[in-house]
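Geometric and topological summary
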Amino acid sequence: MKYQIKEGMDVVGFDGVQIGVVDGIEGDRIKLKKSDSGGSHHKRHHHYIGMDFVDSVADQRVRLCSDANIVGLFEEEKSGRPVK
């Protein structure tokens, strides 16, 4: 499944709520694109989601195995530390 994930794909929770957009894959994590929007917690830096959260890849979307609000608790910084 890892090799089906491409830059620009939407990343959505199991509930269909968008979490971000794929910037690339680094190791066993999905790197999310930075956002310029003021309200986004991805502003000016990347967040990462472990590949173990991926449920499926189809229709240019990476669907995760948990709802967006749960996955948000497990997003990581580049260092691997949790997002605060």
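Presented here is an overview of the structure given in this document. Not measured: the values here are computed from a predicted model.

1. Looking at the packing of aromatic side chains
All told, the structure shown has one aromatic pair when counted by the stated rule. Pairing Phe 53 with Phe 74 gives two aromatic rings, centres 5.5 Å apart and planes at 40 degrees, and the pair type is tilted. Of the two residues, Phe 53 sits in the loop between β4 (48-50) and β5 (54-58) while Phe 74 sits in the segment after α1 (68-71), which places them 21 residues apart along the sequence. Taking the relative accessible area as the measure of exposure, Phe 53 reaches 14% and is therefore buried. Between Arg 29 and the ring centre of Tyr 48, over which it is positioned, the NZ or CZ distance is 4.2 Å. The ring of Phe 14 has Arg 63 lying over it, and the distance from NZ or CZ to the ring centre is 4.1 Å.

2. Some remarks on the sheet that holds strand β1 (residues 10-12)
Taken in spatial order, the six strands line up as β4-β3-β2-β1-β6-β5 in an open sheet, and their pairing is mixed. Here the strands that pair on one side only, and so sit at the sheet edges, are β4 and β5. Each strand of the sheet is rotated relative to its neighbour by a mean of 35 degrees, with strand direction disregarded. Two strands pair when backbone bridges link them, and strand β3 (residues 29-32) and β4 are joined in this way by three bridges, in the antiparallel orientation. Looking at β4, one finds that Arg 29 is bridged to Gly 50.

Scoring rules and cut-offs
Residues numbered from 1 in each chain as written. Predicted model: local features only at pLDDT ≥ 70, side-chain atom pairs only at ≥ 80, totals over all residues. Heavy atoms only, no water. Phe/Tyr/Trp six-rings, centres within 6.5 Å; stacked < 30°, edge-to-face > 60°. Helix = DSSP H or I, 4+ residues; strand = E, 2+ residues; numbered from the N terminus. Buried < 20%, exposed > 50% of the residue type's maximum accessible area, 1.4 Å probe, protein only. Lys NZ or Arg CZ within 6 Å of the ring centre and 35° of its normal. Pairing = 2+ DSSP bridges. Axes fitted to C-alpha atoms, helices over the stretch in contact; angles between N-to-C directions.

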